[in-house]
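Summary of the model geometry
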Amino acid sequence: MKQKIIILVCAAIFAAGVIGSAWVLLSPKKNTVNVISDGKTVRTIDLSTAADEVFTVEYGGKTNTVEIKDGRIRVQSAECPDKTCVHMGWLESSAMPIVCLPNRLVIEFADADGGVDAISE
Amino acid sequence: MSVKRLARLGVLTALALIIFIVELQIPNPFPIPGIKLGLANIITVYALYRFRAGEVCMLVFVRVLLGAVFCGNLMALLYSACGAFLCLAGMIPLRRIIDEKHIWAAGVLGAVLHNTGQMAAALLVTKTPALLMYYPFLLVSGCLAGLFTGLCAQLVLARLAKSGIS
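The rules behind these values
- Residues numbered from 1 in each chain as written.
- Chains lettered and ligands numbered in written order.
- Predicted model: local features only at pLDDT ≥ 70, side-chain atom pairs only at ≥ 80, totals over all residues.
- Heavy atoms only, no water.
- Helix = DSSP H or I, 4+ residues; strand = E, 2+ residues; numbered from the N terminus.
- Rg over C-alpha atoms; globule rule 2.2 N^0.38 Å.
- Buried < 20%, exposed > 50% of the residue type's maximum accessible area, 1.4 Å probe, protein only.
- Expected span 1.5 Å × (residues − 1).
- Contact = heavy atoms within 4.5 Å.
- Salt bridge = Lys/Arg side-chain N within 4 Å of Asp/Glu carboxyl O.
- Axes fitted to C-alpha atoms, helices over the stretch in contact; angles between N-to-C directions.
- Parallel < 35°, antiparallel > 145°, perpendicular 65-115°, else oblique.
- Left-handed = near helix turned anticlockwise from the far one by under 90°.
- Nonpolar A, V, L, I, M, F, W, Y, C, P; charged D, E, K, R; others polar.
- Phe/Tyr/Trp six-rings, centres within 6.5 Å; stacked < 30°, edge-to-face > 60°.
- Lys NZ or Arg CZ within 6 Å of the ring centre and 35° of its normal.
- Pairing = 2+ DSSP bridges.
- pLDDT = per-residue confidence, 0-100.

**Points about the overall build of chain B**
Along the backbone of chain B there are six helices and zero strands. Listed by position from the N terminus, the elements making up chain B come as α-α-α-α-α-α. The globule rule puts the C-alpha radius of gyration for 166 residues at 15 Å, and the 15 Å found for chain B is close to it. Along the longest, intermediate and shortest principal axes, the C-alpha atoms of chain B span 50 × 30 × 30 Å. Split into buried and exposed, the 166 residues of chain B put 49% on the buried side.

Put into C-alpha coordinates, the structure is as follows:
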(Lines give C-alpha, C1' and ligand atoms only; values in the text may rest on other atoms or scores of the structure.)
Protein backbone atom coordinates (compact mmCIF):
# COMPACT_ATOMS: atom_id res chain seq x y z
CA MET A 1 0.00 0.00 0.00
CA LYS A 2 2.70 2.46 1.02
CA GLN A 3 4.67 1.44 -2.05
CA LYS A 4 1.69 2.36 -4.25
CA ILE A 5 1.48 5.81 -2.65
CA ILE A 6 5.20 6.33 -3.30
CA ILE A 7 4.79 5.32 -6.96
CA LEU A 8 1.79 7.64 -7.30
CA VAL A 9 3.81 10.52 -5.81
CA CYS A 10 6.60 9.86 -8.34
CA ALA A 11 4.10 9.82 -11.21
CA ALA A 12 2.46 13.03 -9.96
CA ILE A 13 5.83 14.83 -9.73
CA PHE A 14 6.70 13.72 -13.25
CA ALA A 15 3.31 14.82 -14.63
CA ALA A 16 3.62 18.20 -12.89
CA GLY A 17 7.08 18.62 -14.41
CA VAL A 18 5.86 17.80 -17.92
CA ILE A 19 2.87 20.16 -17.66
CA GLY A 20 5.03 22.93 -16.20
CA SER A 21 7.65 22.51 -18.92
CA ALA A 22 5.02 22.69 -21.65
CA TRP A 23 3.59 25.85 -20.07
CA VAL A 24 7.03 27.44 -19.87
CA LEU A 25 7.93 26.54 -23.46
CA LEU A 26 4.63 27.81 -24.84
CA SER A 27 4.86 31.23 -23.18
CA PRO A 28 5.18 33.90 -25.89
CA LYS A 29 8.08 36.28 -26.35
CA LYS A 30 7.88 39.91 -25.25
CA ASN A 31 9.66 43.04 -26.44
CA THR A 32 11.15 44.50 -23.28
CA VAL A 33 14.14 42.81 -21.70
CA ASN A 34 15.61 43.35 -18.25
CA VAL A 35 19.29 42.70 -17.55
CA ILE A 36 19.59 41.92 -13.86
CA SER A 37 22.90 41.67 -12.02
CA ASP A 38 22.95 40.46 -8.40
CA GLY A 39 19.21 41.09 -8.03
CA LYS A 40 19.31 44.67 -9.36
CA THR A 41 18.08 45.67 -12.81
CA VAL A 42 21.05 47.31 -14.52
CA ARG A 43 19.48 47.81 -17.96
CA THR A 44 16.06 47.68 -19.55
CA ILE A 45 16.08 47.28 -23.30
CA ASP A 46 13.26 47.45 -25.84
CA LEU A 47 14.35 44.83 -28.36
CA SER A 48 11.95 45.99 -31.08
CA THR A 49 13.78 49.33 -31.36
CA ALA A 50 17.23 48.52 -29.94
CA ALA A 51 20.25 48.95 -32.21
CA ASP A 52 22.75 46.12 -32.50
CA GLU A 53 25.13 46.41 -29.59
CA VAL A 54 27.62 44.53 -27.43
CA PHE A 55 28.04 45.44 -23.78
CA THR A 56 29.49 43.88 -20.64
CA VAL A 57 28.05 43.33 -17.20
CA GLU A 58 30.45 42.93 -14.30
CA TYR A 59 30.01 41.10 -11.03
CA GLY A 60 32.79 40.43 -8.54
CA GLY A 61 35.56 41.06 -11.08
CA LYS A 62 34.06 38.64 -13.66
CA THR A 63 32.28 39.93 -16.75
CA ASN A 64 29.61 38.63 -19.08
CA THR A 65 29.51 40.01 -22.61
CA VAL A 66 25.93 40.50 -23.80
CA GLU A 67 25.09 40.88 -27.48
CA ILE A 68 21.98 42.44 -29.01
CA LYS A 69 21.50 41.68 -32.70
CA ASP A 70 18.45 41.81 -35.01
CA GLY A 71 16.10 42.33 -32.08
CA ARG A 72 17.42 39.35 -30.14
CA ILE A 73 19.64 39.13 -27.07
CA ARG A 74 22.16 36.57 -25.85
CA VAL A 75 25.27 36.18 -23.73
CA GLN A 76 28.12 36.19 -26.22
CA SER A 77 30.88 35.17 -23.82
CA ALA A 78 31.33 34.81 -20.09
CA GLU A 79 34.13 34.56 -17.56
CA CYS A 80 32.63 31.69 -15.63
CA PRO A 81 33.52 28.00 -15.39
CA ASP A 82 30.43 26.40 -16.90
CA LYS A 83 29.37 28.79 -19.72
CA THR A 84 25.77 27.63 -19.35
CA CYS A 85 24.49 31.11 -20.15
CA VAL A 86 26.46 31.17 -23.43
CA HIS A 87 25.18 27.75 -24.46
CA MET A 88 21.58 28.84 -23.85
CA GLY A 89 21.86 31.02 -26.97
CA TRP A 90 19.29 33.66 -27.81
CA LEU A 91 16.57 34.54 -25.30
CA GLU A 92 13.47 32.80 -26.68
CA SER A 93 10.79 32.29 -24.04
CA SER A 94 9.40 34.78 -21.56
CA ALA A 95 9.30 31.96 -19.06
CA MET A 96 12.92 30.88 -19.57
CA PRO A 97 15.41 33.59 -18.66
CA ILE A 98 19.10 33.34 -19.50
CA VAL A 99 20.93 32.82 -16.23
CA CYS A 100 24.58 32.86 -15.23
CA LEU A 101 24.63 31.54 -11.67
CA PRO A 102 28.33 32.15 -10.89
CA ASN A 103 28.15 35.79 -11.97
CA ARG A 104 24.58 36.29 -10.71
CA LEU A 105 23.37 37.58 -14.06
CA VAL A 106 19.82 37.16 -15.35
CA ILE A 107 18.41 38.30 -18.69
CA GLU A 108 14.65 37.99 -18.93
CA PHE A 109 11.62 39.44 -20.68
CA ALA A 110 10.31 42.20 -18.47
CA ASP A 111 6.58 41.42 -18.37
CA ALA A 112 7.21 37.85 -17.24
CA ASP A 113 7.22 38.72 -13.55
CA GLY A 114 7.20 42.50 -13.48
CA GLY A 115 3.56 42.24 -12.48
CA VAL A 116 4.28 40.04 -9.50
CA ASP A 117 7.03 42.38 -8.29
CA ALA A 118 4.75 45.38 -8.66
CA ILE A 119 2.11 43.69 -6.51
CA SER A 120 4.55 42.48 -3.85
CA GLU A 121 6.00 45.94 -3.49
CA MET B 1 32.53 2.07 13.66
CA SER B 2 34.63 -0.95 12.77
CA VAL B 3 37.70 -0.58 10.58
CA LYS B 4 36.04 -2.78 7.97
CA ARG B 5 33.01 -0.48 7.69
CA LEU B 6 35.25 2.58 7.56
CA ALA B 7 37.31 1.04 4.78
CA ARG B 8 34.21 0.12 2.80
CA LEU B 9 32.87 3.67 3.18
CA GLY B 10 36.18 5.03 1.96
CA VAL B 11 36.15 2.77 -1.10
CA LEU B 12 32.54 3.72 -1.84
CA THR B 13 33.39 7.43 -1.56
CA ALA B 14 36.33 7.01 -3.93
CA LEU B 15 34.08 5.12 -6.36
CA ALA B 16 31.44 7.86 -6.20
CA LEU B 17 34.10 10.51 -6.86
CA ILE B 18 35.46 8.62 -9.86
CA ILE B 19 31.95 8.28 -11.31
CA PHE B 20 31.35 11.99 -10.60
CA ILE B 21 34.51 13.06 -12.42
CA VAL B 22 33.95 10.73 -15.38
CA GLU B 23 30.43 12.11 -15.71
CA LEU B 24 31.81 15.65 -15.95
CA GLN B 25 33.50 14.61 -19.20
CA ILE B 26 30.18 13.67 -20.80
CA PRO B 27 28.91 16.71 -22.72
CA ASN B 28 25.56 17.92 -21.43
CA PRO B 29 23.04 18.50 -24.23
CA PHE B 30 20.68 20.51 -22.00
CA PRO B 31 21.75 24.13 -21.40
CA ILE B 32 19.98 24.44 -18.06
CA PRO B 33 21.89 24.68 -14.78
CA GLY B 34 21.19 21.70 -12.55
CA ILE B 35 20.33 19.13 -15.23
CA LYS B 36 22.65 16.13 -15.13
CA LEU B 37 22.54 12.37 -14.82
CA GLY B 38 23.99 12.24 -11.32
CA LEU B 39 25.48 8.78 -11.80
CA ALA B 40 27.42 9.12 -8.53
CA ASN B 41 24.09 8.83 -6.75
CA ILE B 42 24.01 5.12 -7.61
CA ILE B 43 26.54 4.87 -4.77
CA THR B 44 24.43 7.13 -2.54
CA VAL B 45 21.31 5.01 -3.01
CA TYR B 46 23.31 1.83 -2.46
CA ALA B 47 24.77 3.23 0.76
CA LEU B 48 21.32 4.39 1.86
CA TYR B 49 20.18 0.76 1.93
CA ARG B 50 23.34 -0.78 3.43
CA PHE B 51 24.71 1.79 5.89
CA ARG B 52 23.51 3.76 8.88
CA ALA B 53 22.19 7.31 8.49
CA GLY B 54 25.32 8.98 9.85
CA GLU B 55 27.55 6.93 7.59
CA VAL B 56 25.52 7.86 4.49
CA CYS B 57 25.74 11.54 5.47
CA MET B 58 29.53 11.31 5.83
CA LEU B 59 29.84 9.62 2.43
CA VAL B 60 27.70 12.21 0.66
CA PHE B 61 29.31 15.16 2.45
CA VAL B 62 32.84 14.07 1.54
CA ARG B 63 31.83 13.32 -2.05
CA VAL B 64 30.15 16.71 -2.55
CA LEU B 65 33.05 18.61 -0.98
CA LEU B 66 35.83 16.78 -2.82
CA GLY B 67 33.81 16.78 -6.06
CA ALA B 68 33.58 20.58 -5.94
CA VAL B 69 37.31 20.82 -5.21
CA PHE B 70 38.20 18.51 -8.11
CA CYS B 71 36.00 20.18 -10.69
CA GLY B 72 37.10 23.62 -9.49
CA ASN B 73 33.66 25.17 -9.20
CA LEU B 74 33.22 26.24 -5.60
CA MET B 75 30.08 28.22 -6.44
CA ALA B 76 28.45 24.95 -7.42
CA LEU B 77 29.38 23.58 -4.00
CA LEU B 78 26.72 25.73 -2.35
CA TYR B 79 24.01 24.45 -4.69
CA SER B 80 24.98 20.81 -4.52
CA ALA B 81 25.41 20.96 -0.74
CA CYS B 82 21.88 22.35 -0.31
CA GLY B 83 20.54 19.74 -2.72
CA ALA B 84 22.37 16.93 -0.94
CA PHE B 85 21.17 18.14 2.45
CA LEU B 86 17.49 18.20 1.46
CA CYS B 87 17.88 14.89 -0.35
CA LEU B 88 19.36 13.18 2.72
CA ALA B 89 16.82 14.78 5.06
CA GLY B 90 14.03 13.32 2.93
CA MET B 91 15.50 9.95 2.01
CA ILE B 92 16.80 8.78 5.38
CA PRO B 93 13.25 8.55 6.79
CA LEU B 94 11.81 7.37 3.47
CA ARG B 95 14.16 4.39 3.11
CA ARG B 96 12.19 2.62 5.84
CA ILE B 97 8.99 2.95 3.76
CA ILE B 98 10.40 2.11 0.34
CA ASP B 99 11.26 -1.60 0.17
CA GLU B 100 14.04 -3.12 -1.90
CA LYS B 101 11.78 -3.90 -4.84
CA HIS B 102 11.02 -0.20 -5.31
CA ILE B 103 14.44 1.37 -4.89
CA TRP B 104 13.98 3.11 -8.24
CA ALA B 105 11.32 5.23 -6.49
CA ALA B 106 13.92 6.21 -3.89
CA GLY B 107 16.13 7.34 -6.77
CA VAL B 108 13.33 9.44 -8.26
CA LEU B 109 12.34 11.09 -4.97
CA GLY B 110 15.97 11.67 -4.01
CA ALA B 111 16.74 13.33 -7.33
CA VAL B 112 13.66 15.56 -7.12
CA LEU B 113 14.54 16.55 -3.54
CA HIS B 114 18.09 17.31 -4.66
CA ASN B 115 16.82 19.54 -7.46
CA THR B 116 14.46 21.25 -5.02
CA GLY B 117 17.31 22.02 -2.63
CA GLN B 118 19.46 23.35 -5.46
CA MET B 119 16.62 25.51 -6.69
CA ALA B 120 15.99 26.91 -3.21
CA ALA B 121 19.68 27.76 -2.84
CA ALA B 122 19.80 29.39 -6.27
CA LEU B 123 16.68 31.45 -5.47
CA LEU B 124 18.20 32.64 -2.19
CA VAL B 125 21.58 33.48 -3.74
CA THR B 126 20.39 35.25 -6.89
CA LYS B 127 17.11 36.65 -5.47
CA THR B 128 15.56 36.10 -8.89
CA PRO B 129 12.09 34.55 -8.80
CA ALA B 130 12.28 34.02 -12.57
CA LEU B 131 14.62 31.10 -11.87
CA LEU B 132 11.57 29.12 -10.80
CA MET B 133 10.77 28.75 -14.49
CA TYR B 134 13.53 26.15 -14.66
CA TYR B 135 11.93 24.09 -11.95
CA PRO B 136 9.55 22.10 -14.19
CA PHE B 137 12.48 21.08 -16.40
CA LEU B 138 14.46 20.09 -13.33
CA LEU B 139 11.51 17.96 -12.16
CA VAL B 140 11.30 16.10 -15.47
CA SER B 141 15.06 15.57 -15.72
CA GLY B 142 15.25 14.67 -12.04
CA CYS B 143 12.55 12.01 -12.43
CA LEU B 144 14.26 10.44 -15.46
CA ALA B 145 17.81 10.64 -14.09
CA GLY B 146 16.66 9.45 -10.66
CA LEU B 147 14.78 6.55 -12.22
CA PHE B 148 17.94 5.52 -14.02
CA THR B 149 20.32 5.81 -11.07
CA GLY B 150 17.72 4.25 -8.75
CA LEU B 151 17.28 1.27 -11.08
CA CYS B 152 21.07 0.85 -11.32
CA ALA B 153 21.32 0.85 -7.52
CA GLN B 154 18.43 -1.63 -7.26
CA LEU B 155 20.16 -4.02 -9.68
CA VAL B 156 23.49 -3.66 -7.87
CA LEU B 157 21.87 -4.37 -4.49
CA ALA B 158 20.01 -7.41 -5.84
CA ARG B 159 23.11 -8.85 -7.54
CA LEU B 160 25.33 -8.30 -4.51
CA ALA B 161 22.73 -9.88 -2.22
CA LYS B 162 22.53 -12.90 -4.53
CA SER B 163 26.28 -13.36 -4.57
CA GLY B 164 26.42 -13.13 -0.79
CA ILE B 165 28.15 -9.75 -0.46
CA SER B 166 26.03 -7.27 1.44
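There's more to say after this.
**Here we look at helix 5 (residues 103–126) of chain B**
The periodicity of an α-helix, 3.6 residues per turn, causes residues three or four places apart in sequence to face the same way. All names here are of chain B. Given a rise of 1.5 Å per residue, 24 residues ought to cover 34 Å, and the 34 Å separating the end C-alpha atoms of helix 5 matches this to within 8%. Taken across its 24 residues, helix 5 has 18 buried, putting it largely inside the fold. Following helix 5 by one or two positions, K127 adopts a phi angle in the positive range, close to 50°.

**A word on the environment of R63 of chain B**
All names here are of chain B. In this structure, R63 sits in helix 3 (residues 53–71). For R63, a relative accessible area of 9% puts it in the buried group. Residues contacting R63, with those up to four places away along its chain left out, are T13, A16, L17, F20, A40, N41 and T44.

**A look at the pattern of salt bridges**
Residues and elements named next belong to chain B. If you walk through the whole model with that rule in mind, you get six salt bridges over all chains. Salt-bridge contacts for R5 lead to E55; the nearest nitrogen and oxygen are separated by 3.0 Å. Taken together, the residues R5 in helix 1 (residues 3–24) and E55 in helix 3 connect sequence positions 50 residues apart. The class for R5 is partly exposed, based on a relative accessible area of 25%. The partner of R50 in a salt bridge is E100, and the shortest N-O contact between them spans 3.0 Å.

**Examining the packing of helix 3 of chain B against helix 4 (residues 74–94) of chain B**
Residue and element names in this part refer to chain B. As a packed pair, helix 3 and helix 4 sit with axes 9 Å apart at the nearest point and diverge in direction by 165°. In this view, helix 3 runs roughly antiparallel relative to helix 4, as classed from their interaxial angle. Of the two elements, helix 3 crosses helix 4, and the hand of that crossing is right-handed. Of the residues in helix 4, those touching helix 3 at A53, V56, C57, V60, V64, L65 and A68 are L74, L77, S80, A81, A84, L88 and I92. Here the residues of the contact of helix 3 with helix 4 are counted per class, giving 13 nonpolar, one polar and no charged.

**Side note on the packing of aromatic side chains**
The final tally for this structure, using the stated rule, is zero aromatic pairs over all chains. In this structure, R43 of chain A packs its charged tip against the face of F55 of chain A, placed 4.3 Å from the ring centre.

**Notes on the sheet that holds strand 5 (residues 72–78) of chain A**
All names here are of chain A. As summarised here, the arrangement of the three strands in space is 3-4-5, forming an open sheet in which the pairing is antiparallel. Each edge of the open sheet carries a strand with a single partner, namely strand 3 (53–59) and strand 5. Each neighbouring strand pair of the sheet contributes to a mean axis angle of 30°, computed without reference to strand direction. Relative to strand 5, strand 4 (residues 62–69) is paired through six bridges, and the arrangement is antiparallel. Across the sheet, I68 pairs through a bridge with I73, a residue of strand 5.

**Observations regarding the confidence of the model for chain B**
All names here are of chain B. The share of residues in chain B with pLDDT of 70 or more is 98%, and the mean pLDDT across the chain is 89. Taken element by element, chain B is modelled with least confidence in helix 4, mean pLDDT 89, and with most confidence in helix 6 (residues 135–162), mean pLDDT 93. Scored as a whole, the predicted complex attains pTM 0.74, and scored at its interfaces, ipTM 0.80.

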